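Coordinate inspection notes
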Amino acid sequence: MKNKKWWYYALWIFAILLFLPFVCVYGVYRSIINFKKTKNLLWLFAIVPLLFFGSAGVAGYVGAFTGDGNTRIEQTTSSSSSKDKDVEKESKDKASKEAQTAKKAEATKKSKAAKKAEAAKKAEAAKKAEAAKKAEAAKQAEAAKQAEAAKQAEAAKQAEAAKQAEAAKQAEAAKQAEAAKQAEAAKQAEAAKQAEAARQAEADRQAEAARQAEAARQAEADRQAQAAAQSEQNVTTASGYTRDARGRWHRPNGQYASKNEIAAAGLTW
């Protein structure tokens, strides 16, 4: 970029100094607008130097259009004034300048004091805001901690309840399984008992059938023996000899017969 000439910057400085009151008035207006939008106190602090420089510019305008004009009028109307009046005028101008300088110094001092007071106020407000922010953060952290603790306690409580419910469920299942096992054992015992009773009844029936068969067989044998004895007794009765149940032969008169008599009668001893 080509370097600018010195007179370029001089013209800009002259223009700014020439229109300084208007620039300051516009700056005050923009500061008020920005403060209403952002609520930032720095925009209000910016109004103080703008007012100061604007007031200085207005004072310069007033001095340029009134003081110099009066001087020219006085010079044209009193061209024959004495040297004492000039000295008096110079002393008055000097006193006015000194008073204006003192006034500006006082205004500057007040502006600096107000700026410091505003800065201190702003620092105090920032400190309070930071303390309030930290307190709120601590409060939120404590609330979050308590909420987390309550959440963990609730989770532990639910886990314990679920554990107890599961234990109760398992105990109930074990109880039902034990009851089913006992019922099955009782059922099997009853079935075994009934089977044993049936087997015993069958054995008794078979024994009774065997006994009855044996009794029938014995009765048949007795009947057959009796029939044989009766037949043999009928045979021996014709010769007069009889045979008792023990196989002994008797004479017709009831006395025992001898072996020779039985052989002579043709009977078997």
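Each remark here, short or long, concerns the structure printed above.
Let me begin by describing the structure that accompanies this report. Since this is a predicted model, take the numbers as computed values, not measurements.

Rules and cut-offs
- Residues numbered from 1 in each chain as written.
- Predicted model: local features only at pLDDT ≥ 70, side-chain atom pairs only at ≥ 80, totals over all residues.
- Heavy atoms only, no water.
- Helix = DSSP H or I, 4+ residues; strand = E, 2+ residues; numbered from the N terminus.
- Buried < 20%, exposed > 50% of the residue type's maximum accessible area, 1.4 Å probe, protein only.
- Contact = heavy atoms within 4.5 Å.
- Areas by Shrake-Rupley, 256 points an atom, 1.4 Å probe, with all protein chains shown as cover.
- Phe/Tyr/Trp six-rings, centres within 6.5 Å; stacked < 30°, edge-to-face > 60°.
- Lys NZ or Arg CZ within 6 Å of the ring centre and 35° of its normal.
- Polar contact = N/O pair within 3.5 Å; in protein donor to acceptor, adjacent residues only side chain to side chain.
- Patch = residues over 30% accessible without salt bridge, like charges linked within 9 Å, V, L, I, M, F, W, Y side chains within 5 Å.
- Salt bridge = Lys/Arg side-chain N within 4 Å of Asp/Glu carboxyl O.
- Expected span 1.5 Å × (residues − 1).
- Arc of directions from axis to C-beta.

**So, the overall build of the protein**
- Each helix and strand in the protein was counted, giving 5 helices and 2 strands.
- Relative to its full complement of 269 residues, the protein shows a buried share of 7%.
- Look at the contacts in the protein between residues 6 or more apart in sequence, and 35% of them connect residues 24 or more apart.
- Surface accessibility of the protein: about 21900 Å² in total, with carbon and sulfur atoms responsible for 61%.

**Some points on the packing of aromatic side chains**
- Taken as a whole and assessed by the stated rule, the structure comprises 1 aromatic pair.
- Ring centres of Tyr-26 and Tyr-29 lie 6.4 Å apart, and the angle between their planes is 40°; this geometry places the pair in the tilted category. In this pair, Tyr-26 and Tyr-29 are both assigned in helix H2 (residues 20–38), 3 residues apart and thus about one turn of the helix distant.
- For Tyr-26, a relative accessible area of 52% translates into the label exposed.
- Here Tyr-29 falls in the partly exposed class, since its relative accessible area comes to 48%.
- Across the ring face of Phe-35, the terminal group of Lys-39 is positioned such that the distance to the ring centre comes to 5.9 Å.
- When the ring centre of Tyr-256 is taken as reference, the NZ or CZ atom of Arg-248 above it lies at 4.3 Å.

**Thoughts on the side chain of His-250**
- Residue placement: His-250 occurs in strand S2 (residues 249–250).
- Here the side chain of His-250 touches Gly-254 through a polar contact of 3.2 Å, landing on its backbone oxygen.
- Filtering out sequence-adjacent residues up to four positions away, His-250 remains in contact with Gly-240, Tyr-241, Thr-242, Asp-244, Gln-255, Tyr-256 and Ala-257.

**A few points about the environment of Gly-247**
- By secondary structure assignment, the location of Gly-247 is in the loop between strand S1 (242–243) and S2.
- In the structure, Gly-247 is positioned 22 residues away from Trp-269 in sequence and 8.2 Å away in space, judged by C-alpha atoms.

**Observations concerning unusual backbone geometry**
- Positive phi is not limited to glycine here, since Lys-39 has a value of about 60°.
- With respect to the element layout, Lys-39 can be found in the loop between H2 and helix H3 (42–77).
- We classify Lys-39 as exposed; its relative accessible area is 60%.

**With respect to a nonpolar patch on the surface**
- On the surface, Trp-6, Trp-7, Tyr-8, Tyr-9, Leu-11, Trp-12 and Ile-16 cluster together to form a nonpolar patch covering roughly 860 Å² of accessible area.
- For Trp-7, the location among the structural elements is in helix H1 (residues 6–18).
- Classification of Trp-7 as partly exposed rests on a relative accessible area of 43%.

**Quick notes on the pattern of salt bridges**
- Applying the stated rule across the entire model yields 5 salt bridges.
- Note that Arg-251 is salt-bridged to Glu-261, the shortest N-O span being 3.0 Å. Placement of Arg-251 in the loop between S2 and helix H5 (259–264) and of Glu-261 in helix H5 is noted, with a sequence separation of 10 residues between them.
- Its relative accessible area of 24% is what places Arg-251 among the partly exposed residues.

**Let's talk about the side chain of Ser-31**
- Assignment of secondary structure puts Ser-31 in helix H2.
- Overall, Ser-31 belongs to the buried group, its relative accessible area being 4%.
- The residues touching Ser-31, leaving out its near neighbours within four places in the chain, are Trp-43, Ala-46, Ile-47 and Leu-50.

**Thoughts on H2**
- Look at H2: 26 Å from first C-alpha to last across 19 residues, which is about the 27 Å you get at 1.5 Å a residue.
- When H2 is considered as a whole, its buried residues turn out to be Leu-20, Pro-21, Cys-24, Gly-27, Val-28, Ser-31 and Asn-34. Buried residues along H2 cover an arc of 145° about the axis, so they all sit on one side. Along H2, exposed side chains directed more than 90 degrees from the buried face belong to Phe-22, Val-25, Tyr-26, Lys-36 and Lys-37.

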